[in-house]
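Structural overview
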Amino acid sequence: MTFKELNLKPELLSAVEELGFEYPTPVQEKTIPFVLTSNSDLVSLAQTGTGKTAAFGLPVLHLIDPQIRRVQALVLAPTRELCLQISKDLKNYSKNMSGLAIVPLYGGEDIRIQLRQLDTSPQILVATPGRLIDLIERGKVKLDALDFLILDEADEMLNMGFKEDIETILEQTPDTRRTLLFSATMPKEIANIARRYMKDFEEITIGARNSASDNVAHIYYIAQARHRYLVLKRIVDMNPDIYGIVFCRTRQETKEVAEKLMQDGYNADALHGDLSQAQRDTVMAKFRVRNLQLLVATDVAARGLDVNNLTHVINYNLPDDVEVYTHRSGRTGRANKKGVSMSIIHTKEKFKIRDIEKMLRKTFERQAIPNGLEVCKKQLFHLIDRMQKVEVDEEQIAPYMKQIVKQLEYLTKEDLLTRFVSLEFNRFLNYYKDAEDLNVSEAPARGSQKGDARSGRRIRLKINLGEKQAMTPKRILGIINDVTGDKSISIASIEIAKKFTFFDVYADQVERLMEAFLHQDGIELAEAKGSKSYSAASNRKTERAAQRKGEPGRKRGGSGRKSSATKSEKPWRNRERNAPSSSARRKGK
Ligand code: AMP
């Protein structure tokens, strides 16, 4: 199907052509004729990136009358960024139409500017719910003759607590309006809103209900929780041209991961709720123009960010909610491009992958965490590739060439190549030469988490907190949750004595627990006497304790405090001092 066949006004067709849209996207093919020819309401399950703004924008622009100066269409969206994006898109689509005013209304901007814009009697408003209600209450916006109400990213609006605001707004609009609701997912609350406020509506679904884009490949890596950051680095190093978002669960984690990445020489920054609006705008602007390669963000902070050409989404932690995963992964694979959604999980989270697979009706592929050799090879050939493609400014280099040739004339071509490659590459080789295998040594993910856990051995541990410290089972669980940050660790048979508390843990969770408690001053966690099966982890503890004191570890032997793992966490720390990092150079490419 072509845009011409959709019977849109010539002004709209010419704009679409100027924007370079050749064919309507699937959501446009279905939605545009429906809005143009039917009188019913619409519920459309489509993610951002599928072309849904044009899907509702083009037919609404076709149907409204620019000669009439009153609000004919209202688009409600969850964030100010999305508001601005939609209003920019609508202005683009209508650039060849005259007499049309489109005004975005959102919080966080001086209301006087928006009041002035409202004085132009716009036909289309694009608003966030809170600011719109404010303006309605001031008597500055009237919706009593509204023809079209579009609820965009309706599930996100509900997630952000706008349910009542939406209802208040709906009540301000006439029954004769048409409602077009767009949502990436279909939770019950959306169905309720549709039932309550919409007339006999049509449902248009692109792909399966609650489905993810076909353009996205879903991959997961299984690692120990303590290796999460190292795995992230391997993934990033394996994908030198990555342009993506790393999703974290909390602000704290977001800050920590972004800081570590920056320290390690990556072109990354953080986006989270502790930043001021101005700081957020700066980070987002840098990311949008690809001045940043990696954005580490919480789900909430990333909401407003609308970027279409991300190569990867990385789930540093899996979200608890499948819908959140759908939103995250839907940030890549947009506008007909391919994308990859990667998740770093620990063994106990395999069941979550199964749940998401079921909901999304997609198969996730488990991949091995790349080893040092693979990363080095990838980086090396990426370097060679860049060398082949580099633009050479002969004129600028010419004055120096004679001296350079003279200085290097004793080297063969092969020597020369080896040296140039080593110059850039030694740091990678050094970092990865002793890199440990981060893969969890077990058969690839199969079976449910519950099954795995039930078949596991239990180990009895003791912690030096007891009645004397007013411990209760609840407090013990609270402490374990706080220290590990991992609620999936299963604790059983808690027994509180005077100075100690004893409890059981599955054998494969002991290490994670011990690691977490290693850094807790004054708190000692150890195997309870008589528990024979705990030799591996207690050895490791002794080894770590020895390393902390600067002695060689028992097992690793000789490396002392600078174990390969410690050293390898910051491979190109001094990189900027000597030369810009490859990622920094890529920025300028
Ligand atoms: P949206 O889902 O509305 O956020 O659109 C995602 C991106 O796809 C935007 O950058 C649009 O400009 C672009 N787009 C929308 N429709 C088309 C089309 N028919 N062909 C190519 N690109 C499109």
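The model shown is predicted, which means the values in this text are computed figures rather than measured ones. (Residues numbered from 1 in each chain as written. Predicted model: local features only at pLDDT ≥ 70, side-chain atom pairs only at ≥ 80, totals over all residues. Heavy atoms only, no water.)

1. Some remarks on the overall build of the chain
Summing up its helical and strand segments, the chain has 25 helices and 18 strands in all. Buried positions account for 50% of the 589 residues belonging to the chain. Sequence separation of at least 24 residues holds for 75% of the intrachain contacts in the chain that already meet a minimum separation of 6. As displayed, the chain offers around 29,300 Å² of accessible surface, 49% of which is attributable to carbon and sulfur atoms. (Helix = DSSP H or I, 4+ residues; strand = E, 2+ residues; numbered from the N terminus. Buried < 20%, exposed > 50% of the residue type's maximum accessible area, 1.4 Å probe, protein only. Contact = heavy atoms within 4.5 Å. Areas by Shrake-Rupley, 256 points an atom, 1.4 Å probe, with all protein chains shown as cover.)

2. Examining the site of the ligand
Neighbouring the ligand are 14 residues; Y23, Q28, G49, G51 and T53 lie closest to it. Between the ligand and the protein, one listed contact pairs a nitrogen atom with a backbone N or O atom of Y23 at 2.8 Å. Out of a free accessible area of 500 Å², the ligand has 82% covered by protein chains. Across the shell around the ligand, the residue classes break down as 5 nonpolar, 8 polar and 1 charged. (Near = heavy atom within 4 Å. Polar contact = N/O pair within 3.5 Å; in protein donor to acceptor, adjacent residues only side chain to side chain. Nonpolar A, V, L, I, M, F, W, Y, C, P; charged D, E, K, R; others polar.)

3. Comments concerning the pairing of strand β9 (residues 244–247)
With burial as the criterion, each face of β9 is covered, one bearing G244 and V246 and the other bearing I245 and F247. Sheet topology places β9 next to strand β12 (residues 312–315); 4 bridges connect them, and they run parallel. Within β12, the residue paired with I245 across the bridge is V313. (Pairing = 2+ DSSP bridges.)

4. Focus: a negative patch on the surface
On the surface, E391, D393, E394 and E395 cluster together to form a negatively charged patch. Its location among the elements puts E391 in the loop between α16 (372–389) and α17 (394–408). (Patch = residues over 30% accessible without salt bridge, like charges linked within 9 Å, V, L, I, M, F, W, Y side chains within 5 Å. Salt bridge = Lys/Arg side-chain N within 4 Å of Asp/Glu carboxyl O. Lys, Arg positive; Asp, Glu negative; His and termini not counted. Charge placed at Lys NZ, Arg CZ, Asp CG, Glu CD.)

5. Quick look at the packing of α16 against helix α18 (residues 413–433)
Geometrically, a packed helix pair is captured by the angle between its two axes and the distance between the axes. Put simply, α16 and α18 touch, their axes get as near as 10 Å, and they point 150° apart. When the interaxial angle is binned, α16 and α18 end up roughly antiparallel. By crossing handedness, the relation of α16 to α18 is classed as right-handed. Where α16 approaches α18, its residues G372, V375, C376, Q379, L380, L383, I384 and M387 are matched on the opposing element by L417, V421, E424, F425, F428, L429 and Y432. Along the lines of polarity and charge, the residues of the contact of α16 with α18 split into 12 nonpolar, 2 polar and 1 charged. (Axes fitted to C-alpha atoms, helices over the stretch in contact; angles between N-to-C directions. Parallel < 35°, antiparallel > 145°, perpendicular 65-115°, else oblique. Left-handed = near helix turned anticlockwise from the far one by under 90°.)

6. Brief notes about the environment of Q123
Position of Q123 among the secondary structure elements: in the loop between α5 (111–118) and β4 (124–127). Each C-alpha atom of the pair Q123 and I64 lies 7.9 Å from the other, and the pair is 59 residues apart in sequence. Beyond its immediate sequence surroundings of up to four residues, Q123 is in contact with I64, D65, P66, I68, R69, R70, V71, Q72, A73, G99, L100 and A101. In terms of polar contacts, Q123 uses its side chain to reach the backbone carbonyl oxygen of G99, at 2.8 Å.

7. Considerations on the sheet that holds strand β17 (residues 501–506)
Strand order in the open sheet formed by 4 strands is β16-β17-β15-β18, and the pairing between neighbours is antiparallel. Two strands close off the open sheet at either side, each with one partner strand: β16 (491–496) and β18 (525–527). Strand-to-strand twist in this sheet, taken as the mean axis angle between neighbours without regard to direction, amounts to 30°. Seen against the sheet, helix α21 (residues 507–518) touches β15 (458–463), β17 and β18 and runs at an angle of roughly 125° to β17.

8. Thoughts on the packing of aromatic side chains
Evaluated as defined, the whole model comprises 8 aromatic pairs. The interplanar angle of 10° and the centroid separation of 6.4 Å between the aromatic rings of F428 and Y432 together place this pair among those described as stacked. Of this pair, F428 and Y432 are both found in helix α18, 4 residues apart, which corresponds to roughly one turn of the helix. Taking the relative accessible area as the measure of exposure, Y432 reaches 3% and is therefore buried. Put simply, the rings of F425, F428, Y431 and Y432 pair up and form one aromatic cluster. The positively charged end of K260 is found above the aromatic ring belonging to Y229, 4.7 Å away from the centroid. (Phe/Tyr/Trp six-rings, centres within 6.5 Å; stacked < 30°, edge-to-face > 60°. Lys NZ or Arg CZ within 6 Å of the ring centre and 35° of its normal.)

9. Some remarks on the side chain of R280
In this fold, R280 is placed in helix α12 (residues 277–288). Buried charge without a partner: R280 forms no salt bridge, and the closest opposite charge is E81, 4.2 Å away. Residue contacts for R280: discarding those within four places in its chain leaves E81, L271, H272, L275 and A301.

10. Side note on a nonpolar patch on the surface
On the surface, V390, V392, I397, Y400, M401, I404 and V405 cluster together into a nonpolar patch covering about 620 Å² of accessible area. Of note, I404 is situated in helix α17.

11. Topic: the pattern of salt bridges
Applying the stated criterion across every chain, the model contains 24 salt bridges. For R226, the salt bridge identified is with E511, shortest N-O distance 2.8 Å. Here R226, found in the loop between β8 (216–222) and α10 (228–238), pairs with E511, found in helix α21; they are 285 residues apart in sequence, far enough to count as distant. Close ionic contact of D320 with K352 constitutes a salt bridge, the shortest N to O distance being 3.5 Å. Highlighted residues: D320 in the loop between β12 and α14 (322–329) and K352 in helix α15 (residues 350–360), separated in sequence by 32 residues.

12. What about α14?
Counting buried positions over the 8 residues of α14 gives 7, a clear majority of the element. Among all positions of α14, only V322, E323, Y325, T326, H327, R328 and S329 are buried.

13. Overview of the sheet that holds β12
Strand order in the open sheet formed by 7 strands is β10-β11-β9-β12-β13-β8-β14, and the pairing between neighbours is parallel. In this open sheet, the two strands that pair with only one neighbour each are β10 (268–271) and β14 (365–366). Two strands pair when backbone bridges link them, and β12 and strand β13 (residues 339–345) are joined in this way by 4 bridges, in the parallel orientation. Residue pairing for β13: V313 is matched across the bridge by S341.

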